[in-house]
Amino acid sequence: MLNYFKEIFVGIKSLLIGMKVTAFYGTKRTITAHYPFEKIPVTLNFRGHIDLVVTKKGYHKCITCGMCERACPSGCITLDSVKPEGAKKKKLTGYTLDFTKCSLCGNCVETCPTNAIKYSNDYYLVGTSRHDFHFDLLDRAMKAAEEMGIEWTEPVEKPKEPKEPQAEGGESPSPAGA
Amino acid sequence: MIQKPDPTQETLVLNMGPQHPSTHGVLRVVLHCDGEYVLDAEPVIGYGHRMHELIGEVRDHRGFYANVGRMDYGGALSFGHGHILAVERMLPDLEVPERAEYLRVITTELNRVASHLLWFGAFLLDLGAFTPILYSFDDREAILDLLEHVTGARLTFSYMRVGGVCADVDKDWCDGVLAFVKRMRDRIPMYHKLVSGNIIFRKRVEDVGLITRDMALKYGCTGPVIRGSGIPYDVRRSEPYSIYPELDFDIPTSERCDCMGRYDVRWAEIEQSLRIIEQAIAKLPEGPVMAEKVPKVIKAKGEVYQAVEAARGSLGYYIACDGSTSPYRMKIRVPSYSNLSILKELTRGILLSDLVAVMGSFDLVIPEIDR
Ligand code: SF4
Ligand code: SF4
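Now for a look at the structure at hand. Everything numeric here is computed off the predicted structure, so don't read it as measured data. (Residues numbered from 1 in each chain as written. Chains lettered and ligands numbered in written order. Predicted model: local features only at pLDDT ≥ 70, side-chain atom pairs only at ≥ 80, totals over all residues. Heavy atoms only, no water.)

## With respect to the pairing of strand β8 (residues 329-333) of chain B
Working note: regular strand, side chains alternate between the two faces of the sheet.
Residue and element names in this part refer to chain B.
Next up, step 1: Here β8 shows a buried face lined by Met330 and Ile332 and an unburied face lined by Arg329, Lys331 and Arg333.
Next up, step 2: Pairing geometry for strand β7 (residues 313-322) and β8, over five bridges, is antiparallel. Across the sheet, the residue bridging to Gly316 is Arg333, located in β8.
Next up, step 3: Here β7 folds back onto β8, and the loop between the two strands holds six residues, one of which, Gly323, carries a positive phi near 95°. (Buried < 20%, exposed > 50% of the residue type's maximum accessible area, 1.4 Å probe, protein only. Helix = DSSP H or I, 4+ residues; strand = E, 2+ residues; numbered from the N terminus. Pairing = 2+ DSSP bridges.)

## Re the packing of aromatic side chains
Next up, step 1: Scanning the model with the defined rule gives 18 aromatic pairs over all chains in all.
Next up, step 2: Judged by centre distance (5.2 Å) and plane angle (85°), the ring pair of Phe120 of chain B and Tyr191 of chain B falls under edge-to-face. Remark: Tyr191 of chain B occurs in helix α6 (residues 171-196) and Phe120 of chain B occurs in helix α4 (residues 98-126); sequence separation between them is 71 residues. In this structure, Phe120 of chain B and Tyr191 of chain B share a single accessibility class: buried.
Next up, step 3: Among the aromatic residues, ring-to-ring pairing joins Trp119, Phe120, Phe123, Tyr191, Phe201, Tyr263 and Trp267 of chain B into one connected group.
Next up, step 4: Over the face of the ring belonging to Tyr124 of chain A we find Lys39 of chain A, whose NZ or CZ atom lies 4.8 Å from the ring centre.
Next up, step 5: Cation over ring: Arg266 of chain B sits above Trp119 of chain B, and NZ or CZ is 4.5 Å from the ring centre. (Phe/Tyr/Trp six-rings, centres within 6.5 Å; stacked < 30°, edge-to-face > 60°. Lys NZ or Arg CZ within 6 Å of the ring centre and 35° of its normal.)

## Here's the deal with the packing of helix α1 (residues 2-26) of chain A against α6 of chain B
Next up, step 1: At their nearest, the axes of α1 of chain A and α6 of chain B sit 7 Å apart, and the two run at 130° to each other. Comparing their axes, α6 of chain B and α1 of chain A come out oblique. Contacts from Ile17, Gly18, Val21, Thr22 and Tyr25 of chain A of α1 of chain A reach α6 of chain B at Arg187, Met190, Lys193 and Leu194 of chain B.
Next up, step 2: Residue composition of the contact of α1 of chain A with α6 of chain B, by class: five nonpolar, two polar and two charged. (Axes fitted to C-alpha atoms, helices over the stretch in contact; angles between N-to-C directions. Parallel < 35°, antiparallel > 145°, perpendicular 65-115°, else oblique. Contact = heavy atoms within 4.5 Å. Nonpolar A, V, L, I, M, F, W, Y, C, P; charged D, E, K, R; others polar.)

## Considering the state of the cysteines
All names here are of chain B.
Next up, step 1: Enumeration over the complete set of coordinates arrives at zero disulfides over all chains.
Next up, step 2: Unpaired in this structure, Cys221 has its nearest cysteine sulfur neighbour in Cys257, at a distance of 12 Å.
Next up, step 3: Of all cysteine sulfurs in the structure, the one in Cys257 sits closest to Cys259, which takes part in no disulfide; the separation is 11 Å. (Disulfide = S-S within 2.5 Å.)

Read these as spatial facts, not as claims about activity.
Shown next, in the form of structure tokens:
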């Protein structure tokens, strides 16, 4: 009988202690951010999808060696390059990342011999179709250069045909394709 | 084998899952109930099978980095740790820098705390208490922020590399971790006040799901499940790896054998993890975080079994390599699988609501079981 009442007493006491904690934290300010209105700052080292690094001279550093393409376990990266006639080096004409397959392992960034790729800081990445995540990184790099106020200039190897690198035709996704 | 319902018996066959909130993923439990009592509970697994072992066999060793985090979303770093330790053992020339080992341990222990906090919230959610998960996610968020700073991800980390780790930390980060350790220590009494003493909670978990010593051994339970039955088995002590032998920590056990025992063990483990983190930060040596001569193409040869202590128990990687770039065979022994196998025997004749408590106390991660 005594035990019975003791248990009730202990039980109620434990509930009151819990209530006290709730009351204490209830008066504190909220710790959640109200997402669409407030955004949490992105940490600097956040690993988003990869991006080509834009140099100060307004170009990328890729030498089209294809190491990243081979290192990627999911086959997300497709490189296109041409070797202009008479030129010594190959030229990158398209760098496509299929982000739908990327698992952000970081192998591509780590194997690149010239540090031509980096992680972007795109935290709030959304799209309505999977084609929205097929990025043309070369195109993105050009846009990034534009935003940074650097003119996209191709280093001239031979004094002939300083042609703009072409972004691939079918890249801009049509929303109807969903 | 799933029992066929017997029409002459007045039992009810109930499918719990695969989309039941308290099965934490896609686990299906076929229940034979008599009223509210469970006569038989048969777990059916495999709904989330993604062939991680086979993927490990067709990809090179580096290609598997991303998969480890997809197996155990709660404690991805310890899964990565086991994998790279196994591969490194097959590469005798590789000298892993001290600092990298320390960083591996610090991040893994932080991840363990995060995983236990996730379990704590989910366990109480299963029992019908909604608020505790909000408290534990507050703390977990702090850990994830710290881990995001160094690994770049919040959940499916791929931080461990053969030969080291992929990112170094700075002084600020270490201070942040120490600040977190202090904060977490201050918060633990709050959790105990809020939940551990609560009479409703205690009534739900005390003397429910008794796993005796023999039973735990027989089924190969590991982690907090076996330690909750009073057996101090922890891979970090029994098969020491990495820098754990240099650190001072205890293996908490509980003699209770019930859900409460496992609950206590996990809280004590959080405290021990905080101790490990503190010591490792204090001892953190300077130097590189990546070995100098990591082969460009990893061609391992040999056969290893490397066990590590994941958040849910003993995790083992068996990797056999024939000298080519990818393993010949990879087998992963996951803790939740063995822990779940005990369910059938354990839940015979208990109440349906207790079954949820028992499953919650196992801290099951289904993707890890299915692999
Ligand atoms: S991060 Fe990994 S999966 Fe993603 S593109 Fe690079 S190598 Fe491929
Ligand atoms: S590894 Fe670097 S340099 Fe080579 S193709 Fe990839 S991005 Fe270009």
